[in-house]
2 protein chains.
Amino acid sequence: MAVGFTGLPELLPIRGFRIGVASAGIKTPGRRDLVVMELASAATCAGTFTRNAFCAAPVSVAKVHMASASTRYFLINTGNANAGTGRPGLAAAEQSCAALAALVGCRPEEVLPFSTGVIGEPLPLQKIEAALPQATAALAADGWADAAHGILTTDTVPKGCSRRVAVGGGEVTITGIAKGSGMIRPDMATMLAFVATDAGIETTLLQQLLGSAVRHSFNRITVDGDTSTNDSCMLAATGGSGIEVRSGSADLETFRAALTEVCEALAQAIVRDGEGATKLITVEVTGGRDVEECEQVAYTIAHSPLVKTAFFASDPNWGRILAAVGRAGVRDLDLDAVTIHLGDVCIVRDGGRAPDYTEEQGRRVMAQSEISVCVALARGDAAVRVWTCDFSYDYVRINAEYRT
Amino acid sequence: MAVGFTGLPELLPIRGFRIGVASAGIKTPGRRDLVVMELASAATCAGTFTRNAFCAAPVSVAKVHMASASTRYFLINTGNANAGTGRPGLAAAEQSCAALAALVGCRPEEVLPFSTGVIGEPLPLQKIEAALPQATAALAADGWADAAHGILTTDTVPKGCSRRVAVGGGEVTITGIAKGSGMIRPDMATMLAFVATDAGIETTLLQQLLGSAVRHSFNRITVDGDTSTNDSCMLAATGGSGIEVRSGSADLETFRAALTEVCEALAQAIVRDGEGATKLITVEVTGGRDVEECEQVAYTIAHSPLVKTAFFASDPNWGRILAAVGRAGVRDLDLDAVTIHLGDVCIVRDGGRAPDYTEEQGRRVMAQSEISVCVALARGDAAVRVWTCDFSYDYVRINAEYRT
């Protein structure tokens with residue numbers, strides 16, 4: 001069970017955004033595995049995609065479609081990632097878009113495809129086409145919770161978040177769902193996130209807003225350091241509230257903060273549901289000369305198998321955290337100036353273990369299920385926060401199991 | 001048990017190099033934990049050390065001593081890493097050198113200290129001083145096998161290698177031992193290697209020879225990506241054979257090859273004995289534009305927990321290897337030109353799974369205990385080979401156990 005999971009929160013409908021879910025039997029008969037999302041014709045859309053050079057066919061197709069037309073539909077399937085499938089995979093992704101387009105009466109380029117599941121198997125196009133009418137018939141504004149289940153693969157819990165925010169003399173709503181557990185599962189690929197708002201936001205600004213929110217949320221989490229071939233995060237702005245969020249307006253930062261909050265909640269939910277995770281670890285690095293060196297330190301800690309197994313064991317092994325900071329490659333680091341806190345306990349100061357540190361203090365923090373590590377580099381003003389989880393027997397079990 | 005271990009090979013004595021081992025009771029009573037190595041007065045010495053910014057006290061002291069005097073003794077203790085110990089740790093390392101110097105009648109700067117074991121505990125100086133006479137009394141040319149045991153911590157097997165090589169109309173000998181299992185153990189630190197030859201080699205050339213050998217051996221292995229605070233590799237050339245290896249001579253490349261072979265054998269032995277290792281994985285990347293991009297790809301594969309758990313499970317999960325290549329950050333990679341082989345089987349070609357690949361072929365390779373992955377980038381002439389091991393339940397168990 002995911003760390004600190006207390007049930008899917010209420011997911012507020014977004015005017016101008018409808019969702020329909022169906023069971024296409026792609027991998028498991030009867031499982032919800034096909035989701036269609038419909039954007040109002042006036043909606044704008046932004047997206048961020050995996051930087052993996054071997055990106056999956058749907059990612060390639062989605063990018064091309066976004067560049068050539070405004071987006072009216074997201075077509076999402078689980079059970080098959082359509083990744084590592086070469087040119088036939090691209091054709092299959094195109095055909096799935098064409099099938100939905102024909103059904104709803106739009107152009108294929110107005111449909112963006114997203115796939116998650118087994119890598120390297122042909123996309124079962126006929127099953128998807130057969131289930132599309134069921135999904136489009138179900139299109140409704142209150143389909144979010146259903147979709148939060150419909151996009152899962154090996155996740156143990158659904159992930160969603162809603163926020164209302166006061167802007168422009170009224171109120172706009174942001175709702176999002178996400179899936180992801182390991183960055184790649186034994187042939188299961190992917191983090192996917194779909195966020196919509198009823199604010200009206202012009203496309204360039206929307207893409208910029210999504211970029212900044214992703215930078216502080218989905219791009220700040222790591223389960224095992226493996227970037228999937230299918231990662232995608234989409235943001236749609238329907239304008240259904242009648243309220244515009246404009247560049248340079250006072251409302252912009254209010255909206256940006258709320259959007260980032262939604263993305264952070266979804267990103268954290270992915271880490272909480274990380275493969276084999278028993279703990280949520282927040283790694284904060286402050287006092288860096290620039291963001292890059294803060295990232296270096298934060299990810300060196302967050303990716304270290306030794307640090308992660310120590311968290312699993314609730315072992316306050318400060319030497320491993322110190323060693324990770326030391327090997328992060330920060331130039332001219334003044335070791336005597338670095339301090340490291342584990343929760344509220346100072347573990348490293350003056351180039352070694354803090355003189356007043358006691359093992360008992362460390363154990364008290366380590367016993368918690370949500371733990372923060374804060375590294376103060378004391379050489380600048382840059383700061384970064386990333387989230388990760390611990391490394392358990394179950395991680396090995398889940399990832400060593402034969403593909404079935 | 002280490003992968004493919006068939007016993008410690010015969011370790012040939014080196015004229016001008018004597019070894020004495022003692023039990024100081026530093027951590028475990030009765031265990032061999034103190035090793036003294038004596039270099040002939042005419043010997044030259046070279047060293048490479050950890051690049052971890054938080055390097056341990058003995059590493060700092062060894063660097064200073066090497067710069068200020070020629071080296072006559074290596075003083076090695078296990079059971080305590082003298083790392084994360086601040087200024088008192090530096091003083092303790094200095095004092096241990098002074099104690100040996102007083103006993104044998106040399107200057108303290110002619111002694112280099114090396115420590116491995118628990119991090120953050122004060123070095124038990126009195127125990128070391130008390131056992132030094134036992135170690136120096138035992139000094140003998142045939143102490144290599146004893147020392148191979150005496151430098152171990154959590155290693156499951158001793159590691160050593162000898163080569164004879166014909167140069168200068170005669171024969172010189174190279175013998176080395178190493179220790180290391182995880183890059184850092186739950187407070188256990190370190191990879192250490194000590195290599196000696198009876199060739200005579202001038203200091204600058206010796207350092208250059210060691211640098212190139214280490215680059216192709218110890219710097220090409222990874223168990224978990226964690227660089228320890230204590231890593232050191234030393235090379236002594238005693239001149240005891242009466243044969244000089246000189247810069248620009250035909251013998252130089254012969255000697256270099258033999259030295260690299262010894263270092264490779266020791267480095268591989270460390271990976272074979274990696275924590276929880278059940279398989280030795282050789283990752284070869286060819287056809288890169290430069291060594292750096294080959295390294296990026298090789299280490300992305302070698303560090304991927306998903307790839308490593310798949311090897312543990314003997315699962316030919318080509319999608320994970322492909323995804324690791326894709327996220328390695330190689331610019332403008334032509335995916336359709338990349339080929340990936342698992343052993344003798346082509347698993348990836350034309351941007352996806354090789355059309356003629358069968359799961360049965362993959363399983364056959366994966367069933368072996370020594371496996372190679374070869375990635376051909378097809379964009380240049382650079383190549384790199386690294387070694388790693390798989391990622392098992394035992395890795396988590398060993399590293400999650402409470403420190404005891």
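From a predicted model like this one, the values you see are computed outputs, not experimental measurements.

Novice: Is there a simple way to think about the overall build of chain A in this case?
Specialist: Regarding its fold elements, chain A presents eleven helices and 18 strands. The C-alpha atoms of chain A give 22 Å as radius of gyration, which agrees with the globular expectation for 404 residues (22 Å, within 12%). Based on the C-alpha atoms only, the size of chain A along its principal axes is roughly 70 × 55 × 35 Å. The contacts of chain A with a sequence gap of at least 6 include a subset with a gap of at least 24, amounting to 81%.

Novice: Help me understand the interface of chain B and chain A, please; the structure alone is not making it clear to me.
Specialist: Note: interface size is frequently given as the accessible area lost on complex formation between the parts. On the chain A side, the residues contacting the 47 residues of chain B number 47 residues. Counting residues per element, the ones that place at least two in the side of chain B that touches chain A are α8 (305–312), α9 (318–326), β16 (352–353) and α11 (393–400) of chain B. Element by element, the count of residues in the side of chain B that touches chain A is highest for α9 of chain B, at six residues. Residues of the side of chain B that touches chain A, tallied by class, amount to 20 nonpolar, 17 polar and ten charged.

Novice: Is there a simple way to explain the relation of the copies chain B and chain A in this structure?
Specialist: Superposition of chain B onto chain A requires a rotation of 180° combined with a translation of 0.0 Å along the rotation axis, giving an RMSD of 0.0 Å. When the rotation and shift are considered jointly, the pair of chain copies conforms to a two-fold rotation axis. Of the C-alpha atoms belonging to chain B, the one lying closest to the rotation axis is found on Tyr-393 of chain B, 3.0 Å away. Comparing interface residues between copies, 100% of those in chain B also sit at the interface in chain A, which points to an isologous, same-surface contact.

Novice: I'm lost on the domain arrangement of chain A in this one. Help?
Specialist: Residue and element names in this part refer to chain A. Along its sequence, chain A is organised into domain 1 (17–271) and domain 2 (280–400). Each of domain 1 and domain 2 was reduced to a C-alpha centroid, and the two centroids are 33 Å apart. Taken together, the contacts link ten residues of domain 1 with ten residues of domain 2. Where the side of domain 1 that touches domain 2 is concerned, the elements lending two or more residues are β11 (221–222) and α6 (250–272). The element that contributes the greatest number of residues to the side of domain 1 that touches domain 2 is α6, accounting for three residues.

Novice: Could you clarify how one ought to interpret the environment of Cys-233 of chain A in this entry?
Specialist: Residues and elements named next belong to chain A. Among the secondary structure elements, Cys-233 is positioned in strand β12 (residues 232–237). In this structure Cys-233 comes out as buried when scored by C-beta crowding, with 26 C-beta atoms within 10 Å. Beyond its immediate sequence surroundings of up to four residues, Cys-233 is in contact with Gly-47, Thr-48, Ala-193, Val-214 and Phe-218.

Novice: How should I be thinking about the sheet that holds strand β10 (residues 192–197) of chain A in this particular structure?
Specialist: Sheet strands associate in pairs through backbone hydrogen bonding, adopting either a parallel or an antiparallel arrangement. Residues and elements named next belong to chain A. The strand order β3-β12-β10-β7-β6 describes an open sheet built from five strands, whose pairing is mixed. A strand with exactly one partner marks an edge of an open sheet, and here the two such strands are β3 (44–49) and β6 (159–167). Pairwise comparison of adjacent strand axes, ignoring direction, gives a mean angle of 15° for this sheet. The pairing of β3 with β12 spans six bridges and is antiparallel. Each residue of the ladder has a partner; that of Phe-49, found in β12, is Ser-232. Along the sheet, helix α1 (residues 57–68) makes contact with β3 and β12, crossing β3 at roughly 145°.

Novice: Can you help me understand the nonpolar core in this one?
Specialist: Nonpolar side chains in soluble globular proteins tend to be buried together. Counting 264 residues, the largest nonpolar core has Val-35, Ala-298 and Val-325 of chain A together with Val-35, Ala-298 and Val-325 of chain B as its most contacted members. Look past the residues within four positions of Ala-298 of chain A in its chain and what remains in contact with it is Val-283, Val-285, Val-384 and Val-386 of chain A.

Novice: Just checking my understanding: could you explain unusual backbone geometry for this structure?
Specialist: Residue and element names in this part refer to chain A. Even without glycine at this site, Ser-314 takes up a positive phi of about 55°. Take Ser-314: it is sitting in the loop between α8 (305–312) and α9 (318–326). Its identity as a non-glycine residue notwithstanding, Asp-350 has a phi of 55°, on the positive side. Mapped onto the elements, Asp-350 comes out in the loop between β15 (345–349) and β16 (352–353).

Novice: How should the sheet that holds strand β10 (residues 192–197) of chain B be read in this particular structure?
Specialist: All names here are of chain B. Pairing is mixed across the open sheet formed by five strands, whose spatial order is β3-β12-β10-β7-β6. Each edge of the open sheet is held by one strand with a lone partner, namely β3 (44–49) and β6 (159–167). Strand-to-strand, the axes of this sheet are offset by a mean angle of 15°, without reference to chain direction. Where helix α1 (residues 57–68) meets the sheet, it contacts β3 and β12 (232–237), and its direction lies at approximately 145° from that of β3. Along the sheet, helix α5 (residues 203–215) contacts β3 and β12; its crossing angle with β3, the most-contacted strand, is approximately 35°.

Novice: I tried to follow the pairing of β10 of chain B on my own but got confused; where do I start?
Specialist: On a regular strand, one side chain projects to one face of the sheet and the next to the other, so that they alternate. All names here are of chain B. Counting buried residues along β10, six of its six residues qualify, which places the element largely inside the surrounding structure. Both faces of β10 are covered, namely the face carrying Leu-192, Phe-194 and Ala-196 and the face carrying Ala-193, Val-195 and Thr-197. Bridge count between strand β7 (residues 170–179) and β10: six bridges; the pairing is antiparallel. Note that in β10 the partner of Thr-175 across the bridge is Ala-196.

How each quantity is defined
Position labels on residues start from 1 in each chain and follow its written sequence. For naming, the first written chain is A and the first written ligand is 1, with later ones following in the order written. In view of the model being predicted, local features appear only for residues whose pLDDT reaches at least 70, and side-chain atom pairs are presented and counted only at 80 or more, with totals across whole chains, interfaces and linings using the full set of residues. Segments assigned H or I by DSSP are reported as helices when at least four residues long, segments assigned E as strands when at least two residues long, and all are numbered from the N terminus. The globule rule used for comparison is 2.2 Å times the number of residues to the exponent 0.38, while the radius of gyration itself is calculated over C-alpha atoms. Contact between residues is assigned whenever the C-beta positions, reconstructed from backbone atoms, fall within 7 Å. Gly counts as polar in this scheme, as do all residues outside two lists: the nonpolar Ala, Val, Leu, Ile, Met, Phe, Trp, Tyr, Cys and Pro, and the charged Asp, Glu, Lys and Arg. Copies are brought into register by a least-squares superposition over C-alpha atoms of residues with pLDDT of at least 70 in both. For every domain, the bounds stem from an assignment made automatically or drawn from a database. Any residue with 12 or fewer other C-beta atoms within 10 Å of its own C-beta is exposed, any with 20 or more is buried, and the rest are partly exposed; the C-beta atoms used are placed from the backbone. Pairing between two strands requires that DSSP report at least two bridges joining them. A fitted line through C-alpha atoms represents every axis, and for helices the fit uses only the stretch in contact; the resulting angles, taken between N-to-C directions, go from 0 to 180 degrees. Connectivity within a nonpolar core runs through C-beta atoms within 7 Å, and the core itself is a set of buried Ala, Val, Leu, Ile, Met, Phe, Trp, Tyr and Cys residues.

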